[in-house]
Amino acid sequence: MQNDEEKPIEPVFRNGTVTVVGVVLSFSLGFLTQWASNPLPWNMGDLPAVILLAIGILLQMRALWDFLHLRSLQPKVYERATRVFFIGVMVIGSGVFAALIADFVEMISKAA
């Protein structure tokens, strides 16, 4: 008799997850692209945001890579990829917040 842990993930469920990861990754890349074309010049204060965004995007890409393999139908692999994806989303969120703060500080310093 098999445990619930040993049952493979349903391919349809996994395909939905791949779609979600792809959409969120595209939004992350889109934010980085939009921010890069911001008219405010970049400076060293933007570096933490860039690093966080890059790390978050790499984690999301890693999760997508893992989800695209057939082995992601194994519950342990699926759960690990899901954790990596959520960590990537949290890091991206931190990077977006850091970018907003950097832009706000830059705008205030130019206004003063």
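Above this text is the structure in question.
Residues numbered from 1 in each chain as written. Predicted model: local features only at pLDDT ≥ 70, side-chain atom pairs only at ≥ 80, totals over all residues. Heavy atoms only, no water.

**Student:** I would appreciate a short explanation of the packing of aromatic side chains in the present structure.
**Tutor:** Two numbers describe a pair of aromatic rings. These are the distance of the centres and the angle of the planes. Scanning the model with the defined rule gives three aromatic pairs in all. Seen from their ring centres, F13 and Y78 are 5.8 Å apart, and the 45° between their planes marks the pair as tilted. In this pair, F13 is assigned in helix α1 (residues 11–36) and Y78 in helix α3 (residues 75–111), connecting sequence segments 65 residues apart. Note on Y78: relative accessible area 9%, which makes it buried. Here the aromatic residues F13, F67 and Y78 are joined through ring pairs into a cluster of three or more. (Phe/Tyr/Trp six-rings, centres within 6.5 Å; stacked < 30°, edge-to-face > 60°. Helix = DSSP H or I, 4+ residues; strand = E, 2+ residues; numbered from the N terminus. Buried < 20%, exposed > 50% of the residue type's maximum accessible area, 1.4 Å probe, protein only.)

**Student:** Explain the pattern of salt bridges here, please?
**Tutor:** Any two side chains of opposite charge can pair if their charged atoms end up close together. Following the criterion strictly, the structure yields four salt bridges and no others. The residue R71 makes a salt bridge to D66 at a minimum N-O spacing of 3.6 Å. Linking E106 and K110 is a salt bridge whose minimum nitrogen-to-oxygen distance equals 3.9 Å. One end of the pair, E106, and the other, K110, are both in helix α3, four residues apart, so they sit about a helical turn from each other. The structure contains a network of salt bridges with shared partners spanning R62, D66, R71 and R80. (Salt bridge = Lys/Arg side-chain N within 4 Å of Asp/Glu carboxyl O.)

**Student:** Hey, could you run me through the environment of A98 in this one?
**Tutor:** Inspection of the secondary structure puts A98 in helix α3. Taking relative accessible area as the criterion, A98 reaches 21% and is therefore assigned partly exposed. Considering only alpha carbons, one finds A98 and V77, 21 residues apart in sequence, at a separation of 31 Å. Setting aside anything within four residues of it in sequence, one finds A98 in contact with A49 and L52. (Contact = heavy atoms within 4.5 Å.)

**Student:** For this particular structure, what's the right way to read the packing of α1 against helix α2 (residues 47–68)?
**Tutor:** How two helices pack is summed up by the angle between their axes together with the distance between the axes. The contact between α1 and α2 brings their axes to 10 Å, and the two run at 155°. If you check the angle between α1 and α2, you find them roughly antiparallel. The two elements α1 and α2 meet at a crossing, and its hand is left-handed. Between α1 and α2, the contacting residues are R14, T17, V18, V21, G22, V24, L25, S28, L29, F31, L32 and W35 on the first element and A49, V50, L53, I57, Q60, M61, L64, F67 and L68 on the second. Taken together, the residues of the contact of α1 with α2 break down into 16 nonpolar, four polar and one charged. (Axes fitted to C-alpha atoms, helices over the stretch in contact; angles between N-to-C directions. Parallel < 35°, antiparallel > 145°, perpendicular 65-115°, else oblique. Left-handed = near helix turned anticlockwise from the far one by under 90°. Nonpolar A, V, L, I, M, F, W, Y, C, P; charged D, E, K, R; others polar.)

**Student:** Is there a simple way to explain α1 in this structure?
**Tutor:** Given 3.6 residues to a turn, an α-helix orients residues that are three or four positions apart in the same direction. For α1, built from 26 residues, the straight-helix expectation of 38 Å at 1.5 Å per residue is met to within 8% by its first-to-last C-alpha distance of 37 Å. Here α1 has its buried residues at R14, T17, V18, V21, L25, S28 and W35. (Expected span 1.5 Å × (residues − 1).)

**Student:** Help me out: how do you make sense of the environment of G45 in this one?
**Tutor:** As for its position among the elements, G45 is in the loop between α1 and α2. Taking the C-alpha atoms as reference points, G45 and E106, separated by 61 residues in sequence, lie 8.7 Å from one another.

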